[in-house]
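Notes for the structure review
Next come the chains, spelled out residue by residue.
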Amino acid sequence: MNRTGEPIRVIVCGCCGRMGSQVARAIYSEDLIQLVGGVDIKEVGRDLGEVIGVGTKGIPIFPAVAQAIESSHPHVMVDFTHPSVVAENVKEAIRLKVSTVVGTTGWTDEKIAEVDALAKEMDVPAFIAPNFSIGAVLMMRFAAEASRYFDRVEIIEMHHDGKADAPSGTALRTADLIRKSRKRDFPPPKVITPEVLVDGVLGGEVAGVRIHSVRLPGLLAHQEVLLGSAGQILTIRHDTLSREAFVPGVLLAIEKVRTLPAGVTVGLENLL
């Protein structure tokens, strides 16, 4: 609900994609949130209601963020697009004084810093979540806590073969939370074999945590955190079986983003 008692007006950027259309459909069904427009390079000019299967509702799809904002006057923009365009989408919304909720991954520290500086300058809050699933947030929290008691951690993240970035934002966020929980990096992982026959087979490394990325048809979003010490292994795993798992977190972020301080806030745990 808007501060004036009116519904929160929302546009969805990437509204014709798999996640964007799911989010648009969920927003449309909400009483306190109003879907007022979409942005996509596909289906431009069509009614978004038709695209998401709820009938003709007078909700236009625009080709660009600025056009959608100027025509639809949203309070919040939700972005589920592609790593190559998300930062510019968010900066355009911020320049037009629209708060953003971002589920697109592929962010670097440098890009987040750029958006954070602009958001603070414009006095606009922006929210980025590597994962909107409550279970995934708990998996990351438990892994960060447990990491203080183990000698080594590795992450195996598994996603569908259409995912645009690797490693996943969830895996990178997990490694970052582990670093913050331990207050130091793990020592560099040891290569115990005399010769690595395939370059990269041992995975990438962040803060001394190896990350292995799997991309296969049939998967959606899955992650295992394996923690090891002499004589024991602890495995913490989360499986997303349907994109419906992300929807409650997105709706929560839409409701709360404008209560956040100006700048970028990262992580759904900050809203729970």
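Let us look at the structure shown here. Bear in mind that the values here come from a model prediction, so they are computed numbers and not experimental data.

What counts, and where the lines are drawn
- Residues numbered from 1 in each chain as written.
- Predicted model: local features only at pLDDT ≥ 70, side-chain atom pairs only at ≥ 80, totals over all residues.
- Heavy atoms only, no water.
- Helix = DSSP H or I, 4+ residues; strand = E, 2+ residues; numbered from the N terminus.
- Rg over C-alpha atoms; globule rule 2.2 N^0.38 Å.
- Buried < 20%, exposed > 50% of the residue type's maximum accessible area, 1.4 Å probe, protein only.
- Contact = heavy atoms within 4.5 Å.
- Areas by Shrake-Rupley, 256 points an atom, 1.4 Å probe, with all protein chains shown as cover.
- Lys, Arg positive; Asp, Glu negative; His and termini not counted.
- Charge placed at Lys NZ, Arg CZ, Asp CG, Glu CD.
- Salt bridge = Lys/Arg side-chain N within 4 Å of Asp/Glu carboxyl O.
- Phe/Tyr/Trp six-rings, centres within 6.5 Å; stacked < 30°, edge-to-face > 60°.
- Lys NZ or Arg CZ within 6 Å of the ring centre and 35° of its normal.
- Expected span 1.5 Å × (residues − 1).

Moving on to the overall build of the protein chain. Helix and strand content of the protein chain: 8 helices and 12 strands. Relative to a compact globule of 272 residues, whose C-alpha radius of gyration would be 19 Å, the protein chain shows 20 Å and is just as compact. C-alpha extents for the protein chain along the principal axes are approximately 65 × 40 × 30 Å. Counting only residues that meet the buried cut, the protein chain has 52% of its 272 residues in that class. A fraction of 70% describes how many contacts in the protein chain between residues 6 or more apart in sequence connect residues 24 or more apart. Taken as a whole, the protein chain presents about 12800 Å² of accessible surface, with 54% of it coming from carbon and sulfur. Charge-centre separation for the protein chain: the mean point of 29 positive side chains lies 4 Å from the mean point of 33 negative side chains.

So, about the pattern of salt bridges. Summed over all chains, the structure comprises 17 salt bridges. For Arg-173, the salt bridge identified is with Asp-176, shortest N-O distance 3.6 Å. Within this pair, Arg-173 and its partner Asp-176 are both found in helix α7 (residues 169-182), separated by 3 residues, close to a single helical turn. A residue is classified by how much of its surface remains accessible, and Arg-173, at 11% relative accessible area, is buried. Among the salt bridges present, the one from Arg-237 reaches Asp-239, with a minimum N-O distance of 2.8 Å. The exposure class of Arg-237 is partly exposed, given its relative accessible area of 40%. Overall, Asp-239 belongs to the partly exposed group, its relative accessible area being 32%.

Here the focus is the packing of aromatic side chains. For the structure on display, the rule yields 2 aromatic pairs. A centroid spacing of 6.0 Å and a plane angle of 50° characterise the contact between Phe-80 and Phe-132, whose relative ring orientation is tilted. Taken together, the residues span a long stretch of sequence, with Phe-80 in the loop between β4 (76-79) and α4 (86-95) and Phe-132 in the loop between β6 (125-128) and α6 (134-146) at a distance of 52 residues. Like Phe-80, the residue Phe-132 is buried in the burial classification. Counting every residue linked through ring pairs, the aromatic cluster contains Phe-80, Phe-127 and Phe-132. The lysine or arginine in question, Arg-182, covers the ring of Phe-186, its NZ or CZ lying 3.6 Å from the ring centre.

Moving on, we get to the environment of Thr-235. Secondary-structure assignment places Thr-235 in strand β11 (residues 232-240). For Thr-235, a relative accessible area of 41% puts it in the partly exposed group. In this structure the C-alpha to C-alpha distance between Thr-235 and Val-225, which are 10 residues apart in sequence, comes to 5.7 Å. Residue contacts for Thr-235: discarding those within four places in its chain leaves Glu-224, Val-225 and Leu-226.

Bringing helix α5 (residues 109-122) into the picture now. Look at α5: 20 Å from first C-alpha to last across 14 residues, which is about the 20 Å you get at 1.5 Å a residue. Along α5, the positions that sit buried rather than exposed are Val-115, Asp-116, Leu-118 and Ala-119. Contacts made by the buried residues of α5 are with α4 and β12 (263-266).

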